Amino acid sequence: QVLLVESGGGFVQAGESLRISCTVSGGTFSAYPMGWFRQAPGKEREFVAAINTISSNTYYGDSVKGRFTISRDNAENIVTLRMNSLKPEDTAVYYCAARRSGLGVWTTIRAYDYWGQGTQVTVSS
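A few points on the structure. (Residues numbered from 1 in each chain as written. Predicted model: local features only at pLDDT ≥ 70, side-chain atom pairs only at ≥ 80, totals over all residues. Heavy atoms only, no water.)

Some words on the overall build of the chain
In plain terms, the rule: Note on conventions: DSSP H or I runs of at least 4 residues are helices, E runs of at least 2 residues are strands, and numbering of each starts at the N terminus. Radius of gyration: over C-alpha atoms. The globule rule applied is 2.2 Å multiplied by the number of residues raised to the 0.38 power. Residue burial is assigned from relative accessible area. The probe radius is 1.4 Å, only protein chains are included, and a residue is buried under 20% of its type maximum, exposed over 50%, and partly exposed in between. Using a 1.4 Å probe, the Shrake-Rupley method yields the accessible areas, and only the shown protein chains count as cover for residues. Just so you know, the count uses Lys and Arg for positive and Asp and Glu for negative, and it drops His and the chain ends. For the purpose of locating charges, the reference atoms are NZ of Lys, CZ of Arg, CG of Asp and CD of Glu.
A count of helical and extended segments in the chain gives zero helices and 11 strands. Mapped in sequence order, the helices and strands of the chain form the string β-β-β-β-β-β-β-β-β-β-β. Relative to the 2.2 N^0.38 estimate, which gives 14 Å for 125 residues, the radius of gyration of the chain is 13 Å and therefore close to what a compact globule would have. The principal-axis extents of the C-alpha atoms in the chain amount to approximately 40 × 25 × 25 Å. A total of 125 residues make up the chain; the buried ones form 41% of that total. Carbon and sulfur atoms provide 46% of the accessible area of the chain, an area that totals close to 6400 Å². In the chain, 12 positive and 10 negative side-chain charges are present, and the distance between their average locations comes to 4 Å.

Printed below as a string of structure tokens:
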């Protein structure tokens, strides 16, 4: 069974930075393309960032491009999302997701097979 556990969420002021992480267990992390999604209250879950298995390719949603950075450590089974210049509109539950296999990056919810429970990020103005 593949388990994804997010950590590092919290409450910050606008303009500050935060780093959230996702630890994967029970599978072959290095074979999984990974992604981050978020869901704000009353809104649909949206794509945030994705990274391929060897960290040679990343992709970001338009609303976070230039502010967020996704990275992974295949030795530690961790994928991290560094969030800079946070805005109140970044407030959401952030979910990490893993796809069983593939060489690229994926931006759609249905492309991913495993999901974490989410971590809350709240940005105050």
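That was the structure; now back to the text.
So, the pairing of strand S3 (residues 18-25)
Keep this limit in mind: Should DSSP find at least two bridges between two strands, the strands are regarded as paired.
Pairing analysis gives five bridges linking strand S1 (residues 3-7) to S3, with the strands arranged antiparallel. Looking across to S3, one finds that Leu3 is bridged to Ser25. Summarising the sheet, S3 and strand S8 (residues 78-83) pair through six bridges and their orientation is antiparallel. Within the sheet, the bridge partner assigned to Cys22 lies in S8 and is Val79.

Examining the sheet that holds S3
Filter applied, for reference: Convention adopted: a line fitted to C-alpha atoms gives each axis, helices being fitted over their contacting stretch, and angles between N-to-C directions are expressed from 0 to 180 degrees.
Taken in spatial order, the four strands make up an open sheet running S1-S3-S8-S7, and their pairing is antiparallel. Two strands lie at the open edges of the sheet, namely S1 and strand S7 (68-73), each paired on one side alone. Direction aside, the axes of adjacent strands within the sheet are offset by 15° on average.

A word on the state of the cysteines
As used here, a disulfide is simply a covalent bond connecting the sulfur atoms of two cysteines. Worth spelling out the cut-off: Cysteine sulfur pairs qualify as disulfides if the two atoms are within 2.5 Å.
Enumeration over the complete set of coordinates arrives at one disulfide. Across a sulfur-sulfur distance of 1.9 Å, Cys22 and Cys96 are joined as a disulfide pair. Its S-S torsion of about 40° marks the bond between Cys22 and Cys96 as right-handed, since a negative value means left-handed. Here Cys96 lies in strand S9 (residues 92-98) and Cys22 lies in strand S3, a separation of 74 residues in the sequence. Each member of the pair, Cys22 as well as Cys96, is classed as buried.

Thoughts on the pattern of salt bridges
Rule in force here: What counts as a salt bridge is simple: a side-chain nitrogen of Lys or Arg found within 4 Å of a carboxyl oxygen of Asp or Glu.
Across all of its chains, the model carries five salt bridges by this definition. With a closest N to O distance of 3.2 Å, Asp62 and Lys65 form a salt bridge. Lys65 sits in the partly exposed class, given a relative accessible area of 47%. Residues joined by salt bridges that share partners form a network here, namely Arg38, Glu46, Arg67 and Asp90.

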